[in-house]
Amino acid sequence: NIFNKLEIPFVIAGKNPSGNLEYQAHKRMHTCLVANPEEAEMEELIRKAQVNILPSFNCTGIKLKLLQALFKGKHCVVNKAGVNGSNLEECCEIANTTADMMKAVSRCFETDFSKQAFDQRATALGKQFSNKRNAKQMINWIWENEPTIPGKSLAWQ
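Residues numbered from 1 in each chain as written. Predicted model: local features only at pLDDT ≥ 70, side-chain atom pairs only at ≥ 80, totals over all residues. Heavy atoms only, no water.

1. Topic: the environment of glycine 19
And then number 1: Along the chain, the position of glycine 19 falls in helix 1 (residues 19-27).
And then number 2: Sequence-wise, glycine 19 and alanine 69 are 50 residues apart; in three dimensions their C-alpha atoms are separated by 25 Å. (Helix = DSSP H or I, 4+ residues; strand = E, 2+ residues; numbered from the N terminus.)

2. Let's talk about the sheet that holds strand 5 (residues 93-94)
And then number 1: The sheet built from 3 strands is open, its strands ordered 3-4-5 with parallel pairing. A strand with exactly one partner marks an edge of an open sheet, and here the two such strands are strand 3 (51-54) and strand 5.
And then number 2: The strands touched by helix 3 (residues 64-72) within the sheet are strand 3 and strand 4 (75-78), with strand 3 carrying the most contacts at an inclination of about 170 degrees. (Pairing = 2+ DSSP bridges. Contact = heavy atoms within 4.5 Å. Axes fitted to C-alpha atoms, helices over the stretch in contact; angles between N-to-C directions.)

3. Digging into the side chain of threonine 31
And then number 1: Mapping threonine 31 onto the fold places it in strand 2 (residues 31-35).
And then number 2: For threonine 31, a relative accessible area of 8% gives the class buried.
And then number 3: Polar contacts involving the side chain of threonine 31 include one to the main-chain carbonyl oxygen of arginine 28, which spans 3.3 Å.
And then number 4: Contacts of threonine 31, omitting those with residues within four sequence positions, involve Phe3, Phe10, Gln24, Ala25 and His26. (Buried < 20%, exposed > 50% of the residue type's maximum accessible area, 1.4 Å probe, protein only. Polar contact = N/O pair within 3.5 Å; in protein donor to acceptor, adjacent residues only side chain to side chain.)

4. Comments concerning the side chain of histidine 75
And then number 1: Relative to the assigned elements, histidine 75 resides in strand 4.
And then number 2: You can call histidine 75 buried: its relative accessible area is 12%.
And then number 3: Reaching out from histidine 75, the side chain makes a polar contact with the backbone oxygen of threonine 111 at a distance of 2.8 Å.
And then number 4: Excluding anything up to four places from it in sequence, histidine 75 contacts Gln50, Val51, Asn52, Cys108, Thr111, Asp112, Phe113 and Arg121.

5. Some remarks on the environment of glycine 82
And then number 1: Relative to the helices and strands, glycine 82 is located in helix 4 (residues 80-83).
And then number 2: Glycine 82 gets classed as buried once you look at its relative accessible area, which sits at 3%.
And then number 3: Spatially, the C-alpha atoms of glycine 82 and lysine 63 are 7.0 Å apart, while their sequence positions differ by 19 residues.
And then number 4: Those residues in contact with glycine 82 that sit more than four places away from it in its chain are Ser56, Lys63 and Leu66.

6. What to know about the packing of aromatic side chains
For any two aromatic rings, the description comes down to two numbers: the centre-to-centre distance and the angle of the planes.
And then number 1: Going through the model one piece at a time under the given rule, you end up with 2 aromatic pairs.
And then number 2: Here the aromatic rings of phenylalanine 3 and phenylalanine 10 are separated by 6.2 Å at their centres, their planes lie at 50 degrees, and the arrangement is tilted. Comparing phenylalanine 3 with phenylalanine 10, the two get one shared label, buried.
And then number 3: Centre to centre, the rings of phenylalanine 71 and phenylalanine 129 are 6.4 Å apart; their planes meet at 80 degrees, and the pair counts as edge-to-face. Here the residue phenylalanine 71 occupies a position in helix 3, and phenylalanine 129 occupies one in helix 6 (residues 115-129), the gap between them amounting to 58 residues. (Phe/Tyr/Trp six-rings, centres within 6.5 Å; stacked < 30°, edge-to-face > 60°.)

7. Examining helix 3
An α-helix turns once per 3.6 residues; consequently, residues spaced three or four apart project the same way.
And then number 1: Every buried residue of helix 3 is listed here: Leu66, Leu67, Ala69 and Leu70. One side of helix 3 holds all its buried residues, which, seen down the axis, span an arc of 165 degrees. (Arc of directions from axis to C-beta.)

8. Focus on the packing of helix 6 against helix 7 (residues 131-144)
And then number 1: Close contact between helix 6 and helix 7 brings their axes to 7 Å; oriented N to C, the two are set at 15 degrees. As far as their axial angle goes, helix 7 and helix 6 are roughly parallel. The element helix 6 and its partner helix 7 pack so that their crossing is right-handed. In this structure, helix 6 uses Gly126, Lys127, Gln128 and Phe129 to contact helix 7, whose residues at the interface are Asn131, Arg133 and Asn134.
And then number 2: For the contact of helix 6 with helix 7, the per-class residue count stands at 1 nonpolar, 4 polar and 2 charged. (Parallel < 35°, antiparallel > 145°, perpendicular 65-115°, else oblique. Left-handed = near helix turned anticlockwise from the far one by under 90°. Nonpolar A, V, L, I, M, F, W, Y, C, P; charged D, E, K, R; others polar.)

Next up, the structure:
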């Protein structure tokens, strides 16, 4: 519903695409399909894409593919289910209908991903996904909840 109607180049990448998706992708000259890419190839596709489109069909928490696209890619267009409960709405373009998705993809395709946009996203992601901050929280939690074995004490080093 999206790539057949927009005349911009699309690369569709993912695990085990359906036969119908392969057929649809190869019908148009501006689309190609990369089936089952290796991790390094997927990272390169994400990094090079002007727009990463990540629709989700269920609300199952934070999507790892969304985090990967936000940390390594440029514009991210998602639907509400893709960011539900994640507090990542400010990092994405949200579009829930086909028409809105087409508008968002077109707008992002024509808009440079600026250093300012990158910095804003890095700040927003750092609030939740800082390895250093999260490690400190885990260390504090461990010290507050020091494990005990009956009759023995444990020394942390």
